[in-house]
Amino acid sequence: MSQVRQAPEKGVSDLVAKLAVDVSAELLELSLTHRSFAYENGGIAHNERLEFLGDSILGQAVTVMLYTENPTLSEGELAKRRASLVSSVALAEVARSIGLGRFIRLGRGEELTGGRDKSSILADTVEAVIGATFLSAGGEAATALVLRLLAPLLADPDRFGASMDPKTSLQELSARLGRGLPRYFVTDTGPDHSKRFSAAVSLGLEPAIAEGEGTSKKHAEMAAARAAWALLAAHGQ
């Protein structure tokens, strides 16, 4: 029987170097352990508690940064920018930029279905790594990590345009290009208390051109819209 490829221990040092923080090996391993791996290995600990912690730290760090650096923005605009930066799409971008996917410990099913590049798994793991950093090195180090990881997104001139209202932006761009109105197709998986939603978006009568995931139908549709908008903007068609 074939073996599931796991995050290579030799090479995790590359990840630590990219993070540029002093994270304990034990907590880093835990932050990289997806629940699918834990389930297949006797119910060992996984990263969801660290994800919960990291989500809070991420939100606070981004909120303080936006409030401090944008004294003229309204509460509504600040909230939109925060939502853009802490979205699963944005965090998945961060994860891909540092090659995080290859270090995640996944179960066989997730491995075989492309779990290493699933936005939801990548985003959750980023939050878990932030949580592990907080426990290992403290609040200042965790905040510094958040701001360092998000720096490329903050430097993106389009980040606070289409990303803040992706469905409207996609509809407007599609209309300009004569591609028709976006249509969304949403499915969900998992138990009622922990559903994950997947959305596909098509333009007019065309096949779906992009997909997105999220913890709600709305978030999944927004993720799909962002991906479709980026595709259209990049190709101009």
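In short, a report on the structure. Quick caveat: nothing in here was measured; it's all calculated off a predicted structure. (Residues numbered from 1 in each chain as written. Predicted model: local features only at pLDDT ≥ 70, side-chain atom pairs only at ≥ 80, totals over all residues. Heavy atoms only, no water.)

### Description of helix α5 (residues 75–86)
Taking 1.5 Å per residue, 12 residues should reach 16 Å; α5 reaches 16 Å between its end C-alpha atoms and fits that length. Turning to α5, its buried residues are L78, S84 and L85. Along the axis of α5, the buried positions cluster into a sector of 125°, meaning they face one direction only. (Helix = DSSP H or I, 4+ residues; strand = E, 2+ residues; numbered from the N terminus. Expected span 1.5 Å × (residues − 1). Buried < 20%, exposed > 50% of the residue type's maximum accessible area, 1.4 Å probe, protein only. Arc of directions from axis to C-beta.)

### Examining the pairing of strand β1 (residues 182–189)
The pairing of β1 with strand β2 (residues 196–203) spans 8 bridges and is antiparallel. In the sheet register, Y184 faces β2, and the bridge partner there is V201. Hairpin remark: β1 followed by β2, antiparallel, with 6 residues in the connecting loop; positive phi at G190, about 95°. (Pairing = 2+ DSSP bridges.)

### A word on the pattern of salt bridges
Scanning the entire structure with this criterion turns up 11 salt bridges. The partner of R116 in a salt bridge is E111, with the nearest N and O atoms 2.8 Å apart. An identical accessibility class is assigned to R116 and E111; each is buried. Between E221 and K217 there is a salt bridge, and its shortest N-O distance comes to 2.9 Å. In this pair, E221 and K217 both sit in helix α11 (residues 217–235), 4 residues apart, roughly one turn of the helix. We classify K217 as partly exposed; its relative accessible area is 46%. Via salt bridges that share partners, K167, K217 and E221 belong to a single interconnected network. (Salt bridge = Lys/Arg side-chain N within 4 Å of Asp/Glu carboxyl O.)

### Section: the sheet that holds β2
Judged by pairing direction, the sheet is antiparallel, and its 3 strands sit side by side in the order β1-β2-β3 without closing on themselves. The two strands at the open ends of the sheet, each matched to only one other strand, are β1 and β3 (208–214). For this sheet, the mean inter-axis angle between neighbouring strands, taken without regard to orientation, is 20°. Set on the sheet, helix α10 (residues 166–176) makes contact with β1 and β2; between it and β1 the angle comes to about 145°. (Axes fitted to C-alpha atoms, helices over the stretch in contact; angles between N-to-C directions. Contact = heavy atoms within 4.5 Å.)

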